[in-house]
Amino acid sequence: MSSSARFDSASAPGMAGRSSPWPARLDLLQSGTGLLLALFMWVHMLFVSSILLGNDAMWVVARFFEGYFIVGRRVPALVALTVATVAALFIGHAALALRKFPSDYHAFRTFRSHMKGFRHEDTSLWYWQVVSGFALFFLASLHLGTMLTRPGRIGPFESGDRVWSDVMWPVYLVMLFAVELHGGVGLYRLALKWGWFAGPDPNVTRRRLRAVKWTLTVFFVVLGLATLAAYVRVGIGHADHYGVPYTPSWIEVPAP
Ligand code: HEM
């Protein structure tokens, strides 16, 4: 399409002088918060998966974020502060995303029928991003609420108890697939939208980006499943001592 044929809201009938920079600004903000959240999720998964290296490794990671190795005592408020920051990003991102949701059932049906007619992978990916985003709105709110109100209850036994005895594993299982799909598709769409890694041939770029996206998604889903299985195993083994926190054998006095 030539630039002169592009739709210009300022020249549309009844819209003279109404062109606003805000839609573009909000779009940029949505992209920025999405990028930060996606990067956070990768780092989060790497830290949470420390359980695969053993209970001591996960205990060290959990205490590290409480400042234990710096101030010599546990400060769970530091974790709560991180959770509050992530929650603010999450709420901002979700609120901005609401603008893109189909506004009613009719709009939803119209989109679905277009999607089926097009049979275009990127259009279908957008649909799955909306569906997974909707699910995450509830699932991640639950998880962030728990982390915000119980920041001191993170550790191999504490997390194992939550996953198994508090029956959080079904929530984590669904959330894992939703977040990896949502984040993977989101980053792919960001790369296309802003032209990151763009080569001379757009079709080749698209194919390459898709391959990278699916590789990352599969990697983090497999890592997440192995991690979840490890928490389930720890939780089952610890069920008879529910609520008793983990203390490594090399610590003589439990951390205050
Ligand atoms: C600073 C904020 C966060 C903290 C401190 C945190 C911490 C944790 C911890 C300690 C676990 C291990 C299980 C447990 O203790 O219950 C966990 C698991 C998990 N978290 Fe988070 N989390 C945060 C934010 C998020 C967000 C925003 C999402 C997704 C939108 C998320 C998705 C998950 C998933 C899917 C699992 C299960 C891991 C697996 O299946 O292997 N977390 N998180």
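Throughout this document, residue positions are counted from 1 along each chain, in the order its sequence is written. Two thresholds apply to this predicted model, a pLDDT of at least 70 for residue-level local features and 80 or more for giving and counting side-chain atom pairs, whereas whole-chain, interface and lining totals are computed over all residues. Water and hydrogen atoms play no part in the side-chain values, which are based on all heavy atoms of the structure.

Participant: How would you sum up unusual backbone geometry? Please name residues and give values.
Facilitator: Even without being glycine, Val167 reaches a positive phi, approximately 50°. In this description a helix means any DSSP run of H or I spanning at least four residues, a strand means any run of E spanning at least two, and both kinds are numbered starting from the N terminus. Within the fold, Val167 resides in the loop between helix H7 (156–164) and helix H8 (169–194). Three exposure classes are used, based on accessible area relative to the maximum for each residue type with a 1.4 Å probe and protein chains only: buried under 20%, partly exposed in between, and exposed over 50%. For Val167, a relative accessible area of 48% puts it in the partly exposed group.

Participant: Account for the coordination of the iron atom of the ligand, naming residues and giving values.
Facilitator: Distances from the iron atom of the ligand to its protein donors, His44 (NE2) and His143 (NE2), fall within 2.1 Å. Coordination geometry of the iron atom of the ligand: the six donor atoms subtend angles of 87 to 179° at the metal centre, consistent with an arrangement described as octahedral. Taken together, the residues His44 in helix H1 (residues 22–48) and His143 in helix H6 (residues 121–149) connect sequence positions 99 residues apart. Classification of His44 by relative accessible area gives partly exposed; the value is 22%. Only N, O and S atoms count as donors, using a 2.8 Å cut-off from the metal and 3.2 Å for Na, K and Ca, and because water is excluded some sites may appear unfinished. Under this scheme a four-donor centre is tetrahedral when all angles range from 85 to 135 degrees, a four-donor centre is square planar and a six-donor centre octahedral when opposite donors are above 155 degrees with the rest from 65 to 115, and any other centre is irregular.

Participant: Break down the layout of surface pockets for me, with residues and values.
Facilitator: There is about 310 Å³ of room inside the second largest pocket. Along the walls of the second largest pocket sit 15 residues, with Leu187, Ala191, Phe197, Leu209 and Val212 positioned nearest its centre. Secondary structure elements with two or more residues in the lining of the second largest pocket: H1, H8 and helix H9 (202–238). The element contributing the most residues to the lining of the second largest pocket is H9, with six residues. Throughout, the ten residues Ala, Val, Leu, Ile, Met, Phe, Trp, Tyr, Cys and Pro are labelled nonpolar, Asp, Glu, Lys and Arg are labelled charged, and all others, Gly among them, are labelled polar. Here the lining of the second largest pocket is built from residues that sort into ten nonpolar, three polar and two charged. Definitions used throughout: a 1 Å grid over protein atoms alone; a cavity as a set of points that fits a 1.4 Å probe which cannot get out; a pocket as an open set with protein on both sides within 12 Å along at least five of seven lines; a lining residue as one with an atom within 4 Å of a point. Grid points are joined across faces, edges and corners, and a volume is the space filled by probe spheres set on the points.

Participant: I'd like a rundown of the packing of aromatic side chains, residues and numbers included.
Facilitator: Here is the rule: rings of Phe, Tyr and Trp (six-membered ring for Trp) pair when centre to centre is within 6.5 Å. Planes less than 30 degrees apart are stacked, more than 60 are edge-to-face, and the remainder are tilted. Tallying each qualifying case throughout the model produces twelve aromatic pairs. Here Phe219 and Phe220 contribute two aromatic rings whose centre-to-centre distance is 5.0 Å and whose plane-to-plane angle is 85°, an arrangement assigned as edge-to-face. Of the residues examined, Phe219 reaches a relative accessible area of 46% and is grouped as partly exposed. An aromatic cluster of three or more residues is present, and its members are Trp59, Tyr68, Phe69 and Trp250. Looking at Lys213, its charged tip hangs above the ring of Tyr188, at a distance of 5.7 Å from the centre. When the NZ atom of lysine or the CZ atom of arginine is within 6 Å of a ring's centre and also within 35 degrees of its normal, the charge is said to sit over that ring.

Participant: Any chance you could break down a nonpolar patch on the surface for me, citing the residues and the numbers?
Facilitator: Taken together, Trp164, Val167, Trp169, Leu173, Val174, Phe177, Leu225 and Ile236 make up a surface patch of nonpolar side chains, about 680 Å² in accessible area. When residues of the nonpolar patch are traced back to their parent elements, those giving at least two are H8 and H9. Top element by residues in the nonpolar patch is H8. It accounts for four residues. What goes into a patch is any residue over 30% in relative accessible area without a salt bridge, connected to like charges within 9 Å or, for nonpolar side chains (Val, Leu, Ile, Met, Phe, Trp, Tyr), within 5 Å. Method for areas: the Shrake-Rupley scheme with a 1.4 Å probe, in which residue coverage is limited to the protein chains shown. We define a salt bridge as a side-chain nitrogen of Lys or Arg found within 4 Å of a carboxyl oxygen belonging to Asp or Glu.

Participant: Please set out the side chain of Ser49 residue by residue, giving values where relevant.
Facilitator: Looking at the secondary structure, you find Ser49 in the loop between H1 and helix H2 (55–64). When its relative accessible area of 9% is taken as the criterion, Ser49 is described as buried.

Participant: Quick rundown of the packing of H8 against H9? Include the residues and the values.
Facilitator: The relative placement of two packed helices is expressed as an angle between their axes plus a distance between the axes. Helix axes are fitted only over the stretch in contact, all axes being lines through C-alpha atoms; the angle between N-to-C directions runs from 0 to 180 degrees. With their axes 9 Å apart at the nearest point, H8 and H9 run at an angle of 160° to one another. In terms of their interaxial angle, H8 and H9 are classed as roughly antiparallel. Judged by the twist between their axes, the crossing of H8 over H9 is right-handed. Here Trp169, Tyr172, Leu173, Leu176, Phe177, Glu180, Leu181, Gly184, Val185, Tyr188, Ala191 and Leu192 of H8 come into contact with H9, specifically with Arg206, Leu209, Arg210, Lys213, Trp214, Thr217, Phe220, Val221, Gly224, Leu225, Leu228 and Val232. Roughly parallel covers angles under 35 degrees, roughly antiparallel covers those over 145, roughly perpendicular covers 65 to 115, and oblique covers all other angles. A clockwise turn of the near helix away from the far one marks a right-handed crossing, whereas an anticlockwise turn of less than a right angle marks a left-handed crossing. What makes two residues a contact is simply this: any of their non-hydrogen atoms within 4.5 Å.

Participant: Go over the site of the ligand with me, naming the residues and quoting the values.
Facilitator: Nearness of a residue to a molecule or strand requires only that one of the residue's heavy atoms be within 4 Å of it. Residues in contact with the ligand amount to 20 residues; listed here are only the nearest, His44, His143, Ser159, Tyr172 and Gly224. Here a polar contact is taken to be a pair of N or O atoms separated by no more than 3.5 Å, where protein atoms must pair a possible hydrogen donor with a possible acceptor and residues adjacent in sequence count only if both atoms sit in side chains. Backbone polar atom of Gly224 to an oxygen atom of the ligand: 2.6 Å apart, as the coordinates give it. Those elements giving two or more residues to the shell around the ligand turn out to be H1, helix H4 (76–97), H6, H7, H8 and H9. Within the shell around the ligand, the residues separate by chemical class into 14 nonpolar, five polar and one charged.

All quantities given are derived from atomic positions and should not be read as evidence of function.
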